[in-house]
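# Tertiary structure, described
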Amino acid sequence: MTENQNPGPPRLWISYPYIGIEERDFRYLVPQLQNAGIEAVYDSFELMPEARLWPRIMQRLLSIGLDGWMYILTHKCCTRKSFTDELTSAIDQTLLHLGPGFPMMGMMCGIGSNQIPPMLRVLPCISFGDPDWKNQVSKALKRDASQAQKTKSRETRFVWKIHPSFEGNPSMTAIEVHTRGQAIQYWRFALPKNVSPLRWGQGPAGGKDISQAKLGETRGSGRYSNCDVNWFGAADAVSNMESAYAVFSGSLPEFICFGPAQGPLGPPAQMEILWPAFMMQSAGGSH
């Protein structure tokens, strides 16, 4: 999914989530890149205080036909921790769903590389003030394997796996998630409100079994990003050896979220999202 399979020029998405009054209009980058043989699509949108950035980014990147992502970096954006945290989450989700070889880059406008937060320097940062910037964008869209491997060092918070034909039943699919080390005592799933799992619970990693008993089972509802969700979870710890599972009959939900809760009965806090349909398509059914 990371190779350009479209006939014709590569398609690059340029995003500019601005804060407060928009600083500038970067639409002029589109014709300049077109002259360099790159078909660019530009979107700008205001980043609201309580809104999450990465669901909007992921929805756009999972569209058909995009071969790379370039995000605008301005002084105002890079000095806001809320923005850099959201951008980092969006990059992590892109790595999860599109793989480490998917081209991503920052376009520095009016700032130097020393002003870029360290977590964003892992990926190419191109200066608009560099006369060779268009060539650098073109090279970033064709990154070689060594650059892709460097990007791979960024890991998502949790390890996700999809188990088709769970327990030998072709109509059942299990989604498994566990941590990369540190245990989570109180864990939660969240699903779109119109979706319910066939069953869920905790069990050994590897898709072997799901415990019938649930310690401290709890559930509730709320909103995640702009979606109404139902959340549920328990208090039997999840770690790199013990996983949380949600089993579905028929179609998988559009998305599923997982993360810790702050207390035994409380709602989820910061969550990570999985887009099962895309993961099945890109990984052949498991990850």
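Our structure's up above, just so we're on the same page.
Residues numbered from 1 in each chain as written. Predicted model: local features only at pLDDT ≥ 70, side-chain atom pairs only at ≥ 80, totals over all residues. Heavy atoms only, no water.

### Describing helix α5 (residues 133–140)
Looking only at α5, the buried set comprises Trp133, Val137, Ser138 and Ala140. Within α5, the buried residues cover an arc of 165° as seen down the axis, which keeps them to one side. Buried residues in α5 make contact with β1 (11–18), α1 (29–35), β3 (68–73), β4 (104–108) and β5 (125–127). (Buried < 20%, exposed > 50% of the residue type's maximum accessible area, 1.4 Å probe, protein only. Helix = DSSP H or I, 4+ residues; strand = E, 2+ residues; numbered from the N terminus. Arc of directions from axis to C-beta. Contact = heavy atoms within 4.5 Å.)

### Topic: the packing of aromatic side chains
How two aromatic rings sit relative to each other is given by the distance of their centres and the angle of their planes. The final tally for this structure, using the stated rule, is 13 aromatic pairs. Centroid distance Phe128 to Trp133: 5.3 Å. Interplanar angle 50°. Geometry classified as tilted. Under the relative-accessibility criterion, Trp133 is labelled buried at 5%. An aromatic cluster is present here, built from Phe158, Trp187, Phe189, Trp200, Phe232 and Phe258 joined pairwise through their rings. Across the ring face of Trp200, the terminal group of Lys214 is positioned such that the distance to the ring centre comes to 4.6 Å. (Phe/Tyr/Trp six-rings, centres within 6.5 Å; stacked < 30°, edge-to-face > 60°. Lys NZ or Arg CZ within 6 Å of the ring centre and 35° of its normal.)

### Things to note about the pairing of strand β8 (residues 187–192)
The buried count for β8 comes to six of six residues, which makes it a mostly enclosed element. Relative to strand β11 (residues 227–234), β8 runs antiparallel, the two sharing six bridges. By the bridge assignment, Leu191 is partnered in β11 with Asn230. Note that β8 and strand β13 (residues 256–260) share four bridges and pair antiparallel. (Pairing = 2+ DSSP bridges.)

### Thoughts on the nonpolar core
With 58 residues, the main nonpolar core has Trp69, Leu73 and Val137 as its most contacted residues. Among the elements that take part in this core, helix α4 (residues 81–98) stands out by supplying six residues, more than any other. Leu73 has contacts with Cys78, Phe83, Leu87, Gly106, Met107, Met108, Cys109, Ile111, Ile116, Leu120 and Cys125, leaving out every residue within four places of it along the chain. Membership of the second largest hydrophobic core comes to 19 residues, among which are Ile184, Ala244, Phe248 and Leu274. (Core = buried A, V, L, I, M, F, W, Y, C linked by side-chain atoms within 4.5 Å.)

### Some details on the pairing of strand β7 (residues 172–179)
Counting buried positions over the eight residues of β7 gives eight, a clear majority of the element. With burial as the criterion, each face of β7 is covered, one bearing Met172, Ala174, Glu176 and His178 and the other bearing Thr173, Ile175, Val177 and Thr179. Bridge analysis of strand β6 (residues 158–163) against β7 gives six bridges, and the strand direction is antiparallel. Note that in β7 the partner of Lys161 across the bridge is Glu176. Two elements, β7 and strand β12 (residues 242–249), share six bridges in a ladder whose sense is antiparallel. Residue pairing for β12: Val177 is matched across the bridge by Ala244.

### Remarks on helix α2 (residues 54–61)
Considered for burial, the residues of α2 that qualify are Trp54, Pro55, Ile57, Met58 and Leu61. Looking straight down α2, one finds its buried side chains confined to an arc of 160°; they lie on one side.

### Observations concerning the sheet that holds β4
Across the sheet, which stays open at both edges, the five strands sit in the order β2-β1-β3-β4-β5 with parallel pairing between neighbours. Because the sheet does not close on itself, it has two edges, and the strands there are β2 (39–46) and β5. The sheet shows a mean angle of 25° between the axes of neighbouring strands, taken without regard to direction. Sheet topology note: the β4/β5 ladder contains three bridges and is parallel. From the neighbouring strand, Met108 faces β5, where its bridge partner is Ser127. (Axes fitted to C-alpha atoms, helices over the stretch in contact; angles between N-to-C directions.)

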